[in-house]
Amino acid sequence: MQKKLSEGELLDSNGNLTEAGYATSLVKVYDRKKIKAGKTRIKEWDYYLIYNQQFGVALTVDDNSYMGLVSISFLDFVNKTEKTVSPMTILPMGRTNLPATSKSGVTEFHNKRCFFSFKVEDGKRILLARMDNFDQGKPIRMKIILTEEPDDSMVIATPFDKPGYFYYNQKIIGMRAKGTVEYLDQKYVFNPEDSFGLLDWGRGVWTYENTWYWSAMQGISDGHVLGFNLGYGFGDTSAASENMIFYDGQSSKLEQIKFHIPGEDEGKDDYLLPWKFTSSDHRLLLDFTPILDRSAYTSAGIVLSDQHQVFGWFDGYVVLDSGKKVMIKHMLGFAEKVRNKW
């Protein structure tokens with residue numbers, strides 16, 4: 001059963017979700033002031049991933065109340081390398097002022113070392129980022145414009161098994177990307193013909209310990225813009241899954257998905273061996289050939305984060321709501337497993 005959200009307020013007077021489920025746009029209104037849980041548990045973030053088949057960048061502005069971070073990753077899919085730098089902030093407590101919606105506003109952060117600005121303007125998303133001393137003592141700079149935002153996106157409102165705790169999330173998949181990145185004295189160019197961007201927009205109050213699985217892909221298949229968002233493991237998803245296919249901007253809803261990670265059943269995950277993806281409704285079957293594991297491990301006191309965002313090639317098929325079977329042939333995307341205590 002997949003429950004579709006109605007329009008209205010996200011939270012009731014007690015700070016609980018008015019309803020759980022999914023939508024294809026931000027039909028629920030998020031208001032930080034309505035949160036009743038402990039203020040140090042509030043987590044808000046904007047994450048953009050922009051890539052073509054040669055290179056990509058990931059940008060994050062994150063306010064997790066008692067700590068935050070800003071992050072830039074440069075991803076080289078040809079040489080199978082990546083560089084990530086993520087300066088942390090202490091006790092931002094909402095002062096980052098992330099917008100209450102992805103539809104408008106400006107997400108901005110700056111200090112002596114870096115500058116981030118994500119602006120929604122005239123149907124475009126304008127992303128500016130700079131970080132000094134990013135790699136080998138040299139900076140990274142970029143300006144990227146995302147256009148042709150699809151009609152549908154993945155939106156989910158998910159409760160946890162604790163009053164006042166929730167997750168409100170939107171994934172916009174398959175925007176066209178144009179722009180340049182200056183890194184290690186080279187200029188890298190995104191052309192909208194083959195470069196795409198996605199947004200992971202999230203607001204919520206999380207429990208202390210969580211493990212989630214997330215995968216996304218975007219690109220061109222036989223002249224059509226094709227993408228998907230797959231995920232599970234985070235909160236109570238009994239009302240709806242976050243699994244969707246996007247075909248020329250229109251969504252198709254999937255039931256439950258399983259990531260088959262080599263060695264996981266034995267507790268020895270081998271992320272760079274081939275994976276498989278299956279769905280309970282038999283509308284998705286994928287092989288995933290990894291090429292790059294963007295991994296990060298942090299353990300400091302009560303905070304632990306073990307992240308594996310694996311990029312690679314997808315092959316297989318998906319079936320749209322119409323019954324149309326769409327083949328996926330050597331399309332670039334990622335799949336991740338993340339375990340957090342924070």
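Here, every reference points to the structure presented above.
About the cut-offs
- Residues numbered from 1 in each chain as written.
- Predicted model: local features only at pLDDT ≥ 70, side-chain atom pairs only at ≥ 80, totals over all residues.
- Heavy atoms only, no water.
- Helix = DSSP H or I, 4+ residues; strand = E, 2+ residues; numbered from the N terminus.
- Rg over C-alpha atoms; globule rule 2.2 N^0.38 Å.
- Buried < 20%, exposed > 50% of the residue type's maximum accessible area, 1.4 Å probe, protein only.
- Contact = heavy atoms within 4.5 Å.
- Areas by Shrake-Rupley, 256 points an atom, 1.4 Å probe, with all protein chains shown as cover.
- Lys, Arg positive; Asp, Glu negative; His and termini not counted.
- Charge placed at Lys NZ, Arg CZ, Asp CG, Glu CD.
- 1 Å grid on protein atoms, 1.4 Å probe; cavity = no way out; pocket = protein on both sides within 12 Å on 5 of 7 lines; lining within 4 Å.
- Points joined across faces, edges and corners; volume = space filled by probe spheres on them.
- Nonpolar A, V, L, I, M, F, W, Y, C, P; charged D, E, K, R; others polar.
- Pairing = 2+ DSSP bridges.
- Axes fitted to C-alpha atoms, helices over the stretch in contact; angles between N-to-C directions.
- Salt bridge = Lys/Arg side-chain N within 4 Å of Asp/Glu carboxyl O.
- Core = buried A, V, L, I, M, F, W, Y, C linked by side-chain atoms within 4.5 Å.
- Phe/Tyr/Trp six-rings, centres within 6.5 Å; stacked < 30°, edge-to-face > 60°.
- Polar contact = N/O pair within 3.5 Å; in protein donor to acceptor, adjacent residues only side chain to side chain.

A. Quick look at the overall build of the protein. Counting its secondary structure elements, the protein contains zero helices and 25 strands. Relative to the globule expectation of 20 Å for 342 residues, the C-alpha radius of gyration of the protein, 19 Å, shows essentially globular dimensions. Dimensions along the principal axes, computed over C-alpha positions, put the protein at roughly 55 × 50 × 50 Å. Residue burial in the protein is summarised as follows: out of 342 residues, 58% are buried. Considering only residue pairs separated by 6 or more positions, the protein has 55% of its internal contacts joining residues 24 or more positions apart. Accessible surface, the protein as shown: approximately 14,500 Å² in total, 50% of it carbon and sulfur. Computed over 41 positive and 44 negative side-chain charges, the separation of the two mean positions in the protein equals 4 Å.

B. Broad picture of the layout of surface pockets. Roughly 810 Å³ of internal volume is contained in the largest pocket. Forming the boundary of the largest pocket are 38 residues, of which Asp 62, Leu 69, Arg 294, Gln 307 and Trp 342 lie nearest the centre. Class assignment for the residues of the lining of the largest pocket results in 20 nonpolar, 11 polar and seven charged.

C. Fine view of the sheet that holds strand S18 (residues 224-232). Taken in spatial order, the nine strands of this open sheet run S20-S19-S18-S17-S25-S24-S23-S22-S21, and their pairing is antiparallel. What marks the edges here is a single partner per strand, and that holds for strand S20 (250-253) and strand S21 (257-260). Taken over all neighbouring pairs, the strand axes of this sheet differ in orientation by 20° on average, direction set aside. Relative to S18, strand S17 (residues 209-221) is paired through nine bridges, and the arrangement is antiparallel. Residue pairing for S18: Ser 221 is matched across the bridge by His 224.

D. Spatial organisation of the pattern of salt bridges. Tallied over the full model, the rule gives 15 salt bridges. Between Glu 242 and Lys 171 there is a salt bridge, with the nearest N and O atoms lying 3.4 Å from each other. Here Glu 242, found in the loop between S18 and strand S19 (244-247), pairs with Lys 171, found in strand S14 (residues 166-183); they are 71 residues apart in sequence, far enough to count as distant. The residues Glu 242 and Lys 171 share a single accessibility class, namely buried. Among the charged side chains, a salt-bridge network with shared partners connects Lys 3, Glu 19 and Lys 28.

E. Representation of the nonpolar core. Counting 82 residues, the largest nonpolar core has Phe 116 and Val 181 as the members making the most contacts within it. The element contributing the most residues to this core is S14, with nine residues. Excluding residues within four positions of it along the chain, Phe 116 makes contact with Leu 59, Thr 60, Val 61, Val 70, Ser 71, Ile 72, Thr 107, Glu 108, Phe 109, Leu 128, Ala 129 and Met 131. Judged by nonpolar contacts, the second largest core, of 26 residues, contains Phe 259, Tyr 271, Val 310 and Leu 320.

F. Just the environment of Glu 336, in detail. Here Glu 336 is to be found in strand S25 (residues 325-341). Separated by 105 residues in sequence, Glu 336 and Gly 231 place their C-alpha atoms 9.2 Å apart. Apart from residues lying up to four places away in sequence, Glu 336 is in contact with Trp 212, Tyr 213, Trp 214, Phe 259, His 308 and Gln 309.

G. Structural context of the packing of aromatic side chains. For the coordinates displayed, the defined rule picks out 34 aromatic pairs. With 6.1 Å between their ring centres and 15° between their planes, Phe 55 and Phe 74 make a pair best called stacked. Of this pair, Phe 55 sits in strand S5 (residues 55-63) while Phe 74 sits in strand S6 (residues 67-76), and the two are 19 residues apart along the sequence. Phe 74 shares its class with Phe 55; the two are buried. A centroid spacing of 4.9 Å and a plane angle of 85° characterise the contact between Trp 214 and Phe 334, whose relative ring orientation is edge-to-face. With Trp 214 in strand S17 and Phe 334 in strand S25, this pair connects stretches of sequence that are 120 residues apart. By relative accessible area, Trp 214 is classed as buried at 5%.

H. Expanded view of the side chain of Glu 336. Despite being buried, Glu 336 has no salt bridge partner; Arg 294 is the closest side chain of opposite charge, sitting 5.5 Å away. There is a polar contact of 2.9 Å between the side chain of Glu 336 and the side chain of Trp 212.

Shape descriptors only; they carry no functional weight alone.
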